[in-house]
Structure formats: structure tokens, C-alpha cells
There are 4 protein chains.
Amino acid sequence: MRVGVLTGGGDCPGLNAVIRAVVRRGMHDHGFEFLGYRDGWRGPLEGVTMPLDVETCRGILPRGGTILGSSRTNPFSVERGVERIKQTLADDGVDALVAIGGEDTLGVATKLAELGVDVVGVPKTIDNDLSGTDFTFGFDTAVNIATEAIDRLHTTAESHHRVLVVEVMGRHAGWIALHAGMAGGASAILIPEQPFDIERVCAFVETRFESEYAPIIVVSEGAVPVEGGEMTLTSGEKDAFGHVRLGGIGDRLASEIEERTGKEARAVVLGHIQRGGTPTAFDRWLATRFGLHAADAVADGEFGTMMALRGTDIVRVPLAEGTGELKTVSPEEYAEAQVFFG
Amino acid sequence: MRVGVLTGGGDCPGLNAVIRAVVRRGMHDHGFEFLGYRDGWRGPLEGVTMPLDVETCRGILPRGGTILGSSRTNPFSVERGVERIKQTLADDGVDALVAIGGEDTLGVATKLAELGVDVVGVPKTIDNDLSGTDFTFGFDTAVNIATEAIDRLHTTAESHHRVLVVEVMGRHAGWIALHAGMAGGASAILIPEQPFDIERVCAFVETRFESEYAPIIVVSEGAVPVEGGEMTLTSGEKDAFGHVRLGGIGDRLASEIEERTGKEARAVVLGHIQRGGTPTAFDRWLATRFGLHAADAVADGEFGTMMALRGTDIVRVPLAEGTGELKTVSPEEYAEAQVFFG
Amino acid sequence: MRVGVLTGGGDCPGLNAVIRAVVRRGMHDHGFEFLGYRDGWRGPLEGVTMPLDVETCRGILPRGGTILGSSRTNPFSVERGVERIKQTLADDGVDALVAIGGEDTLGVATKLAELGVDVVGVPKTIDNDLSGTDFTFGFDTAVNIATEAIDRLHTTAESHHRVLVVEVMGRHAGWIALHAGMAGGASAILIPEQPFDIERVCAFVETRFESEYAPIIVVSEGAVPVEGGEMTLTSGEKDAFGHVRLGGIGDRLASEIEERTGKEARAVVLGHIQRGGTPTAFDRWLATRFGLHAADAVADGEFGTMMALRGTDIVRVPLAEGTGELKTVSPEEYAEAQVFFG
Amino acid sequence: MRVGVLTGGGDCPGLNAVIRAVVRRGMHDHGFEFLGYRDGWRGPLEGVTMPLDVETCRGILPRGGTILGSSRTNPFSVERGVERIKQTLADDGVDALVAIGGEDTLGVATKLAELGVDVVGVPKTIDNDLSGTDFTFGFDTAVNIATEAIDRLHTTAESHHRVLVVEVMGRHAGWIALHAGMAGGASAILIPEQPFDIERVCAFVETRFESEYAPIIVVSEGAVPVEGGEMTLTSGEKDAFGHVRLGGIGDRLASEIEERTGKEARAVVLGHIQRGGTPTAFDRWLATRFGLHAADAVADGEFGTMMALRGTDIVRVPLAEGTGELKTVSPEEYAEAQVFFG
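Bear in mind that the values here come from a model prediction, so they are computed numbers and not experimental data.

**Looking at the relation of the copies chain B and chain D**
Part 1 of the reasoning: Of the transformation placing chain B onto chain D, the axial shift is 0.0 Å and the rotation is 180°, giving an RMSD of 0.0 Å. Both chain copies can therefore be described as sitting about a two-fold axis.
Part 2 of the reasoning: Most of the interface of chain B is mirrored in chain D, where 100% of its interface residues are also at the interface.

Structure representation (C-alpha cells):
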């Protein structure tokens, strides 16, 4: 049996660990041959391949990124995309695909599965917002990087009596903010799921200064103020300290806090450093196990499924289930963190 | 309500995070007062206390160790131990206890609960071998430290064409070896649950050298050779390269591999560095949540329970359940890792 | 003898290590008493003090920030500032001052020394741009943090075929960019000392992509384009990919590269995480030695001097020498890095 | 011109950075061709080579180990060794050699230079004990790893009221112990240069416990007790707590302290993890600059020299000077650290 492997969407520590495990398990225990497709769905679409075997995968376990490359190419937005993919797989003698990716990549996989392509999915999102699985790999690495950054910022905040706003990833779900904020001892955590009241945030800031500790506010890039409680400063204006504030929620929030509390505030936008580099042990372990079980699912002919973590077990769930709904932070989970606000 | 808190047993990153969360939640949301008992069960036994409130807990979240101190004192091995503990609690006006510890500490808690002491437990073991919970805090930190060490040793092994044996913690269960070995790309992982065949280990070593990569063997301190397959060298003898090999399984194994394969082998015993220092984000998050829920359990009067992680939920299980049986690596879980051996 | 200690200017890992060493050496070997002045020159100006002895300094060696607090208060911009400082010192019975700080703080110290205040200086700048000393503490920590970030970004750059621009600290001198860029394997390093030609930068980007590796550009916050070679995009405009680019040199550079090369480019601004948190071993060692020697200088009555590293020796140089001139990257040093450009 | 490159002796983070820099500079600026010799002097002795160019060196900057492999082969202990090396170089058309290594490797280079081989040396020792240079690469990495380990052990020592002995590398010189001990806040540092008095060490232990902090003792593997002050326990005996103590100085010291003070003591032997893995930024910078200047020295025909760091300058010194004498910790440098003992 010949199996194609591809990785799609944004960078995520652990991708290489999945690839290595799929290949190792597939070759050793199931007698598969492998073919690597480059740059996500662009690979099978345009027939761009690379050899993939145990030797190719040597030494990649601790490396960030993906040896297969990635892209956001969507075959359903390309003329005759599906047809071309089927043709490539036929030409290459590829019987089944392992697709590693997030909502978009697995969304494509779901539709292809319905159209008769034999595909098994491995969920990947640094944001941890895929339903159907307790955790996705890459998330733990991102949370640790953000937590380390918060640890470092505490001393600056305290030495300078400043407010520090840390903007972390999370467009639609606040998981990174929630976990890193709890682990880093944030004074407030603002997430997309729950619009924030700027006045309450400023009250936390004041409280925190009373106890001689300076506040750290952790905010998801997708967090928004409550309606009617709109923040007054917009991009490009000068705030109370004469800084021109621009860009994303982190910068705007720092600006607004400065304006309202009279305390100097600065934003740090962690950005891409959250998604690169060597994965944590947890992410390597999870990614490796996803890979092993994906190879088994192919061997079992259980196509149209994706791997999921439930407790400490890896299970197979229908692809549609994993990508149908966004997993967001529940009010109860958010309430846990709020005990530490202020 | 007045609540006593104590930490018992070996050092474990995350203990301070539990203490901080119990206190914060208890004071803010349940109106509790707190009293810290020093050095595990010695505290309530001898009436050694320290003040414990939100202020005492400032800044401790990222710190390893425990501000309460620890010991292995067992009140059941001390004359009139239980009686004395009850008397101390009465004298101190303490209505309930939160006991944070491993098998021994929670074993005592279980018996005290049966004898009428109102106690809630928080499980703690770096070895992750407590049943009833998916993970314990401290484990993720230990695994990351061991994985980083393995990452570093790979380059030495390869540059010098040497075998490196890494001895990690785990007297009765191989969790740290399993996770760190998988995350670090070990050539073999030896755990207490499955006695190892030295000849097979040596075969992995040979295979590995054929592929131009040098082998790393990860071994739990509690691993043993299969019966009849006893290793020939004992402590104090000189091996093939003239090194006197001594001490634990790591050193003896390196010695034996050298003797049998003729390849130079060295052991690294990670020891105490696995259990100290700042916790990972995962461990801080888990410890914090255990603390929050323990305070709630006290408020609910659900004594005789301990906190447990199930998937991403914190649940309460009977203390006896958590300490009754050791959680060990199953043959299936071990088989997953074996795909990478050699 | 009674000695006051203060820390001024921006946060810098190693400040606490200096304080601890001054105090330890002063108390143990010279019989000094100590008094801590809070928040830089504000302390002696307004008489805000804290106790300072061996006990106060326990456990602070690995901590970032400064237990004394900091500020940018300049007594020469305050009415009767010098007079008030002299009065405070007299009132507190303080015979000599140890001032730990950068250009501004030591500039004040220099003038106060000329006006008869017995002061010894310890140089501090994360930017490493104080003349008279080979290195300043905090710099090595900042360079390591920036290097780690670059390490992480490599995998994202390669997996996504993207240009990544990393903006590091360095308003007037390019030391952090130079060291982190060399250590991180940057494709180009842009520093304030040498205005950059945007066309040459874009040529490096193209070359780099030809070799299948994606480029990382490291840029000091104070870097500027050559005259006449001005970049076309200004804040607030949309670039080739429709991103609104704003703010500092990092963002503008990414935007300009995108516009000119048609390759997607992103900026990461490391900001405050470069100056907080635990110091590296080098910075702890250097800071500790600066502290020990500063206490000795006070004992020797060698006022008006500051500590400096020359090779592996700590020497005393006149305060004026250390603060008179900015230490910048020489053309020769910059040329070394250029071998790796492209 | 054709230049051979080899790396000899023990593993040391930064070796790959040197190789990459030599090659890059040599090819780009001097038009050299390169040939890699494998496994130290074994390469030119037996004619074992590998291709070496800019492409071979891609991505190796952050990697520990050496892509050329290493060994301790000494051509002067091999029949007709020198003759054979000269023959290999002639056969391979190699005009000059860059030898990267420690005392042994450079000792061979020194003699070969005297016998007419055109060789330039790059000093390498994790122990930092080569005279002629302020620092060698790899040392800073080792010191940081040891310091991090000490940081982690502090919390265990304190939570358990235990003595922790940390054995670090340094057979003949105490640099790693001195720097890591100072950076980690050790209660005592024992180095080969100054035999220790076990009674004084125990006095430090007692003092430390009085202040409620537990002691960490850092000891070089080559440290020895003063004559007449011999330690009583030898390998294999049981100490006060019934532990059988074996092996090196770390274990024996812990045992002796337990016996004499009645405090529980444990040893941690860091071993090989000090010499593997990714180099620190400082080591990458130093190694890279050594490489650049070595290529220049070849271009200038300045054979028989080795590169050295003096302050922040890279200079060329005669090979004999760098290897003639061991650089050890002076009594003055050791005295600085002693301020913190106890």
C-alpha cells in the first residue's frame, strides 16, 4: 500500500513528529510505502512530491516546522481541484492520504472523503480550538513560550511600576490566553469568548498596584470590548503619555489603560515566536501518538476519521465531528481564572 | 471556617501553585481562614505552623519547592500520632485539612478521614503513578527536563560514536522514561513494568550504529533485567574499557552494553534536577486547578475525596481510590514506544 | 561606614545580583552598613529608603528586576535637586553611594561626584553601548532571548516560505542585533551605525530564497535607511498583501520587503521580553563581580570611578570616561557579520 | 587553495559554528575550496574525508556536536603517523589545515607545524583551561547548564532541608565550578586548584542551615581534600543514613558531609549533559568569530598560530603559547567567590 502525507495551514511545533511516527509505524508494522506531498493541498493538486521514508525522517523529531512545507491552498477554490487531486493520486499510485492540518485542511479532507478519497486526518491547531480532541499538539509549546514571556515581564512591570499587556494568539478561542495567563499569574485574562469591560480591567489594574505588584494583562488577539463600552482611542492617536498607539488589540488596550488610569502601560505582541521552534515534550508525545494511530487507521481502512486525544487515549472520531464546531472556553473554565484577577 | 494546609513527601514542581490557589479561592469565594502546617504531617503532629493568606502566597506560583516545607513523617508510626493531630487541629481551631502529597501522604489522609478528620486530598507524584487521575503535576516538568537532557546527549552520542544511557526517575512505574524516551527519540526505553532482555537491548544498539546514529537508552531507576538474563557485571568491577562501574541501573547497564558490544557507553543519572525548579505551564495550570477545586470540595463538605484530572475536567474521587493501586504503564502503551526501538 | 545603594534607568537582568554582591562584600569584609534608596535618584531626592542587608538580599541572585525599584528621575531637572540629595544623605548618615545605572544615572553620578558626593558607579545597559567596559550585564541575557526567538522563527520562515523581520533593542548601537543576528544565523543585520540600503536588503532576501531557505532579517530599533534610499511606505498604508503596516522600523521594513519582492513578510517586535526575567550565568557572574569590586572601591575611597570589565579583569575607570562616549559597532565588527548575509 | 578542516577531542557546543564560519569566509572572501576530515586526526591519518562547502554547513549553527565527527586519535602514537598525514594531504591536494580542538589536538597541531605542515588552530575546551585566550567556546554553555541545574536544586534543598552536592566538569581547572557556583549562589565551591578542608566545608553547611536556607556545594570533578584532612569514607561503605556511596568526588563528598553533620546529603553528577546540545549565543558568537579569523589566518599564511579572544578582539597567538600551560583559577579569583560561602 502506498500512502501520501501532507501538512497544511499555519506552522505548529510537532508536525515533524507526526510525519516521523506515521512513516515509522507504517513502514515497520504495516509494510506501507510513503510519498510526501509538498506544501499542503498544493502538493497533490500540482503533483509536487518528495521521497518519504525512515531515513528522510531521521533527526526531525525535535525540529519545529514541517519538512513537507505548508500552504493554505484550497483545492475547492481551484478549477477542477478535486479531479486533479484524484488524478495525481492515481498517477502516483497512492492509495490513501494522511492529512495533517487545522480546520481548513481537515475541512478539505472531510469533503474529499465524501467524494471517495481515502483519507485519514490528524488535527493540528496551535489555538487548541478543534472540537473532538482534548488537546492538539503545538498548543502546549505556545502556552509555555507565552508563560515564559509573562514570567520575564513580571520583573519589568514591578521594577518600573508599569502595566504590561501581553497579546497572545487566539483569533476565535482564548485557550492560549487562558492557560498562559493562569500559569503566568496574570491580573486579568481577556478572551474572544467573553467581551471585556474596559472599566473592570482598569479596576483590576488599580487593585493590583495597591498591593505593590504591577499588573500583567494577557489578551487574545481576538478579544473585543463589550458593546457600548467601546474604547475611545483608535489607531494613530496619542495617548496620555504621548505614545502613538497602533495596530492590534494589545496596543490599543495598553493605550486605553494608560489614558484611563494614568499608569504607564506597554504592550508586547508575541506573534510568530509562539508557533516555531522545538516542541515541548508533551507536544512531541501527543504528535507522535497521533502519527502512530493515524498509520493504524489507514491499515484498518478507517477512512474519514481523525485522531483525537480523550484523557490519555488516542481515539478515532469522524472527520466531520472534529471540524464541525469550534471548541471555545466555557464560562465555567473562564470563571476559574477570574479568581486571580486584580 | 478555618482550613489547614500541608505538603508531604518528595519535592515536586507545582506544590506552591496548589497552595496559592487553595488560599486564593478559599479566602475570596468561601470566606475561609487558613493556617499552614510545616513539613508534612510533622506540622499537625507537633503543632508547627506558619501564617497562610493571599499575601504569603504572592510570587510563589513560578517557584519550585513548597513554602510549607515537607517531610516523610508518618503519624501512624508515632505514638498517639492520630490523637495528637486531632488535638492540634482542635487547639488551632482548624475545621478541615487540605493534604497535598503522594501515596504515603494521601494514605495517611485516607486513614485519618476514616477516623473522623475532615480532609481533602490533592494528589502529587512526579512519577505520575497515582491511579484515579490522568496526570499529576510535576510530571510534565520532569519529563521536559529529561527530554532536554536527551536532546543534548544526542549530539555527544553522534559525535563520539558512543552509547549513552540516561537514568530517569520511576521506581515502580515507567511513565517518565516512556514519555521522555518517546519525546527524545530514544533507541530503547526500559521500564519497571517490563523486565528487559539485555541481549535485545544490545541488538538495538548494534542496529542503531548501522544507521550512523548513536543510540540513547532511557531507563527508569526501577527497571530490572529479565530472570535468567541477569547482567554479568556487578558494582565495583571493571568493564571492557577499564571503567569501574558502580551504583544504580544506569551505570550497570552502560557497563554491560560496553562489555557485550565493544562500544563505549556512558551513563547519565539525572537525579534530583528532575524534581526542582520552576514548573512548566501545564503543571502550573493543573496544580492551580487542583487547588481551586480542593477549596471548593472543602466548601461543599466533600471530605475523604481527592482531586483528579479526567480529560480536561477536574473531578473528585474517593481518597481510597486514588491511593489504592499503582498506575503503571500498560503493555499497549509500551508497545507504542517500541516502534522506535533500534 | 554607611553606604547607600540605588538602581536607575531601564530594567536589566543582573541588577539584583549587583546589589547582593555589594552588600555581602561590604558587610562581611569591610564592616559597612547599608541603606537602600528606592526608585533611582528619586530615593535620595525624596528620602525614600528601604533596609538593605544580607537577609534582604537572600534569594534575589536569579531574579530579574531590582528590589530597589527604578525610575528615570534626574535630580538636575528638579529644583534644588543636588542640595536635597546632599541633605538626605546627611540626614541618613550615609557616607557614600553606589549608583547602578546607565548613561543617565551615571551621568548624574559623574556630576554629583564633581560636586563632592562620594559615589562609585556600576555600569548598566542592556544595549552594551557604554564605553570603558568590554561588556555590561543584561546584554548577554537580551542576546540569548533574541537568539532563541530567531531559532524559533527559522522553522516558520522555512515552512511558509516567508521573510521574517525581527526587531530587537538598540536605539543608538547595534550590539544586540549584531550578536543575536550572528548567533541566530540571520540573512541580514541592520544597525543604527550603518544606514541600510533597502535594495541590497531585498537582494539578500532573493538570494536566500534561491537556496531554499527563508530569510530572517534582524534589525535594531534604531536602524534607518540610507538617505535618498528612503522606503516608500509610511505608517498606515497597505502593502502588497493588503496588510496595514504601522509603527516601528520592523513593521515598516517587513512591509517594504513585501512590496518590493512580492514575498510575504512579517515582523516580530521582541520588546520588553528582552529585558526581564532571570539573568544568564554570564550576566550573574559579571554583575556579581561588579558588585564585589564596587564595595572594594568604596572601602578604598576611590570615588568618582565606575567598574569596568577588561578581558576577564574588573578594573576601575573614571566615571566620566564610561559615560562620555557611546560605544558603537565598528565597521570592522559589522563586516564580520556581513560574510553571512544573503 | 584547498583547505582541510578537522575537529578533535571531546564534544563541545560551538564546533559546528566554527566549521560553518571557516567555510563561509574561506569560500566567499578567499576563494578556498574545502575538504572535511572525519573524526579528528584519524581523518588525515586514514584518508577519511567528507565534502565540505556552504551547502553542507546549512542549518548547523545551532546544533551541538560536530558534523565532522571526533576522536582522540594521536598520530604521534601511530607508526609513521606524521608521514601518513603528509601523504594524505598531498594526495588530497590539501595545502593547509584548520585544526579545531583542545590541548591534545592542538598539541599535535603544534608539532605538525614544526614539521612543516601548514596548520592554523582553533582552541576548544569546555573546561576553559587553555592559556592564551580569555574564553573558549562551549564553556559558557556548560556554565549555563550547570547554573540552571543549581537553580533547580535550590528548591529541593530548601523544601527537604538537605545538602545538595553538584559535581561539574573540570579535571584540572575549576572554571565551570567557579562560574556556575557564583551564578547559582552556591554555599561553597571546591576546585582542583585549592585542596579543600572537609571540616571547613561542614562548617559552611552548618552556617547555612542556621539561616533557614539549605546549602548547595558545587565541586569540580578534579577537586581533592587537603592532605591530612583525608575524608574517612571510601567507595562502597555505608554512610550515616545507610546509603552506599560510590564513585566520584561528588558522591564521596555528600557521604562525608552526611556522616559529619548528620544532615541528609545527596550528590548530582551533571556529566555529559554539560557538553552537548545547542550552544548559547555567546558560544555561537565566539565560535563563529574564531572560524572567520582562522580562515583569514590561512589566507595570510600565518601558520602555526591559533585564534584567541582578548577582551572583545580575536587575535592570533603562537600555537605553542596556547597549549604550553594550563590556565587555572588564581587565588584572587577564587577569593572573590569565597565571600558568598556559608
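**Overview of the interface of chain B and chain D**
Part 1 of the reasoning: Chain B puts 34 residues into the contact, and the matching count from chain D is 34 residues.
Part 2 of the reasoning: Approximately 2600 Å² of surface area, both sides summed, lies buried where chain B meets chain D, with 56% of it carried by carbon and sulfur atoms.
Part 3 of the reasoning: Interface area lost by chain B to chain D is led by B:R152, B:H272 and B:I273, which between them contribute 28%.
Part 4 of the reasoning: Here chain B and chain D share zero salt bridges between them.
Part 5 of the reasoning: At the boundary of chain B with chain D, the tally comes to 14 residue pairs in polar contact (both at pLDDT 80 or more).
Part 6 of the reasoning: Every element with two or more residues in the side of chain B that touches chain D is listed here: α5 (139-160) and β9 (265-269) of chain B.
Part 7 of the reasoning: Here the side of chain B that touches chain D takes ten residues from α5(B), the largest share from any one element.
Part 8 of the reasoning: Of the residues in the side of chain B that touches chain D, the class split is nine nonpolar, 18 polar and seven charged.

**Focus on the sheet that holds strand β6 (residues 163-168) of chain C**
Residues and elements named next belong to chain C.
Part 1 of the reasoning: The four strands are arranged β7-β8-β6-β9 in an open sheet whose pairing can be described as parallel. Sheet topology places β7 (188-190) and β9 (265-269) at the edges, where each strand pairs with a single neighbour. Along the sheet, successive strands turn relative to each other by an average axial angle of 20°, direction set aside.
Part 2 of the reasoning: The pairing of β6 with β9 spans five bridges and is parallel. When the bridges of β9 are listed, V166 appears paired with V268.
Part 3 of the reasoning: Relative to β7, helix α6 (residues 175-184) is tilted by about 170°, and along the sheet it contacts β6, β7 and β8 (216-220).

**Some details on the pairing of strand β8 (residues 216-220) of chain D**
Residues and elements named next belong to chain D.
Part 1 of the reasoning: The buried count for β8 comes to five of five residues, which makes it a mostly enclosed element.
Part 2 of the reasoning: The sheet contact formed by strand β6 (residues 163-168) and β8 spans five bridges and is parallel. Looking across to β8, one finds that V165 is bridged to I217.
Part 3 of the reasoning: Two elements, strand β7 (residues 188-190) and β8, share three bridges in a ladder whose sense is parallel. What sits directly across from L190, in β8, is V219.
Part 4 of the reasoning: Between β7 and its parallel partner β8, the chain crosses via helix α7 (residues 198-210), and the hand of that crossover is right-handed.

**Remarks on the interface of chain A and chain B**
Part 1 of the reasoning: Each side of the interface is counted separately: chain A has 40 residues, and chain B has 40 residues.
Part 2 of the reasoning: Taking both sides of the interface into account, the surface hidden between chain A and chain B amounts to around 3600 Å²; carbon and sulfur atoms contribute 58%.
Part 3 of the reasoning: Connecting chain A to chain B are four salt bridges.
Part 4 of the reasoning: In this structure, the salt-bridge partner of B:R284 is A:D151, at a minimum N-O distance of 2.8 Å.

**Observations regarding the packing of helix α5 (residues 139-160) of chain A against helix α9 (residues 281-299) of chain B**
Part 1 of the reasoning: Close contact between α5(A) and α9(B) brings their axes to 9 Å; oriented N to C, the two are set at 85°. What the angle tells us is that α5(A) and α9(B) run roughly perpendicular. Note on element contacts: α9(B) touches α5(A) through B:A281, B:F282 and B:R284, opposite A:D140, A:V143, A:N144, A:T147 and A:D151.
Part 2 of the reasoning: Residue composition of the contact of α5(A) with α9(B), grouped by class: three nonpolar, two polar and three charged.

**With respect to the sheet that holds strand β7 (residues 188-190) of chain A**
Residue and element names in this part refer to chain A.
Part 1 of the reasoning: Within the open sheet, the four strands sit side by side as β7-β8-β6-β9. Their pairing is parallel. At either end of the open sheet lies a strand with only one pairing partner, and these are β7 and β9 (265-269). Taken pair by pair, the neighbouring strands of this sheet meet at an average axis angle of 20°, ignoring direction.
Part 2 of the reasoning: Sheet strands touched by helix α8 (residues 249-261): β6 (163-168), β7, β8 (216-220) and β9. Its angle to β9, the strand with the most contacts, is close to 170°.

**Digging into the UniProt feature "site: Important for catalytic activity and substrate specificity" (unreviewed entry) in chain A**
Part 1 of the reasoning: According to UniProt, the "site: Important for catalytic activity and substrate specificity" (unreviewed entry) feature falls on A:D104.
Part 2 of the reasoning: Structurally, A:D104 can be placed in helix α4 (residues 103-114).

**Details of the UniProt feature "binding site: Mg(2+)" (unreviewed entry) in chain A**
Residues and elements named next belong to chain A.
Part 1 of the reasoning: Summarizing the sequence annotation, UniProt attributes the feature "binding site: Mg(2+)" (unreviewed entry) to E103 in the numbering used throughout.
Part 2 of the reasoning: The residue E103 is located in helix α4 in this model.
Part 3 of the reasoning: Take E103: its relative accessible area is 45%, and that puts it in the partly exposed class.
Part 4 of the reasoning: If we skip the residues at most four places from it in the chain, E103 touches L130, T323 and L326.

**Let's talk about the side chain of C:D39**
Part 1 of the reasoning: Position of C:D39 relative to the elements: it lies in the loop between β2 (33-37) and α2 (42-46).
Part 2 of the reasoning: Taking relative accessible area as the criterion, C:D39 reaches 5% and is therefore assigned buried.
Part 3 of the reasoning: A polar atom in the side chain of C:D39 sits 3.2 Å from the side chain of A:H161.
Part 4 of the reasoning: Not counting the four nearest positions on each side in its chain, C:D39 is found in contact with A:H161, C:T7, C:L68, C:G69, C:S70 and C:S71.

**Remarks on the domain arrangement of chain A**
Residues and elements named next belong to chain A.
Part 1 of the reasoning: The domain architecture assigned to chain A consists of domain 1 (2-137 + 279-323) and domain 2 (140-276).
Part 2 of the reasoning: Distance from the C-alpha centre of domain 1 to the C-alpha centre of domain 2: 35 Å.
Part 3 of the reasoning: Listed as interface residues are 13 residues of domain 1 and, on the opposing side, 14 residues of domain 2.
Part 4 of the reasoning: There are zero salt bridges connecting domain 1 and domain 2.
Part 5 of the reasoning: In this structure, the connection of domain 1 to domain 2 is made through five residue pairs in polar contact (both at pLDDT 80 or more).
Part 6 of the reasoning: Classifying every residue of the side of domain 1 that touches domain 2 by side-chain character gives six nonpolar, three polar and four charged.

**Structural notes on the packing of aromatic side chains**
Think of a pair of aromatic rings as described by two things: how far the centres are apart, and how the planes are tilted against each other in angle.
Part 1 of the reasoning: Applying the stated criterion across every chain, the model contains 34 aromatic pairs over all chains.
Part 2 of the reasoning: Ring plane angle 55° and centroid distance 5.6 Å describe the contact between C:F282 and C:W285, whose orientation is recorded as tilted. Remark: C:W285 and C:F282 occur in helix α9 (residues 281-299); sequence separation between them is three residues, near one turn of the helix. When sorted by exposure, C:F282 lands in the same class as C:W285, which is buried.
Part 3 of the reasoning: What links up through ring pairs into an aromatic cluster is the set A:F135, A:F139, A:F282, A:W285, B:F135, B:F139, B:F282 and B:W285.

**Here's the deal with the pattern of salt bridges**
Part 1 of the reasoning: The tally for this structure, following the rule as stated, stands at 68 salt bridges over all chains.
Part 2 of the reasoning: When the shortest N-O distance is used, the salt bridge between B:R25 and B:D29 registers 3.4 Å. Residue B:R25 and its partner B:D29 are both found in helix α1 (residues 15-30); the two are separated by four residues, about one turn of the helix.
Part 3 of the reasoning: Classification of B:D29 as partly exposed rests on a relative accessible area of 42%.
Part 4 of the reasoning: Here D:R310 ties to D:E321 by a salt bridge, and the two come within 3.6 Å at their closest N and O atoms. Residue D:R310 is located in strand β10 (residues 305-310), and its partner D:E321 is located in helix α10 (residues 319-324); the two are separated by eleven residues in the primary sequence.
Part 5 of the reasoning: You can call D:R310 partly exposed: its relative accessible area is 36%.
Part 6 of the reasoning: With relative accessibility at 40%, the residue D:E321 sits in the partly exposed group.
Part 7 of the reasoning: One network of salt bridges, in which partners are shared, links A:R162, A:E258, A:E264 and A:R266.

Basis of the calculations
- Residues numbered from 1 in each chain as written.
- Chains lettered and ligands numbered in written order.
- Predicted model: local features only at pLDDT ≥ 70, side-chain atom pairs only at ≥ 80, totals over all residues.
- Heavy atoms only, no water.
- Least-squares fit on C-alpha atoms with pLDDT ≥ 70 in both.
- Contact = heavy atoms within 4.5 Å.
- Buried area = accessible area lost by both parts, 1.4 Å probe.
- Salt bridge = Lys/Arg side-chain N within 4 Å of Asp/Glu carboxyl O.
- Polar contact = N/O pair within 3.5 Å; in protein donor to acceptor, adjacent residues only side chain to side chain.
- Helix = DSSP H or I, 4+ residues; strand = E, 2+ residues; numbered from the N terminus.
- Nonpolar A, V, L, I, M, F, W, Y, C, P; charged D, E, K, R; others polar.
- Pairing = 2+ DSSP bridges.
- Axes fitted to C-alpha atoms, helices over the stretch in contact; angles between N-to-C directions.
- Buried < 20%, exposed > 50% of the residue type's maximum accessible area, 1.4 Å probe, protein only.
- Right-handed = clockwise from strand over helix to strand, strands pointing away.
- Parallel < 35°, antiparallel > 145°, perpendicular 65-115°, else oblique.
- UniProt positions renumbered as here; feature names shortened; annotations may be inferred.
- Domains from an automatic or database assignment.
- Phe/Tyr/Trp six-rings, centres within 6.5 Å; stacked < 30°, edge-to-face > 60°.

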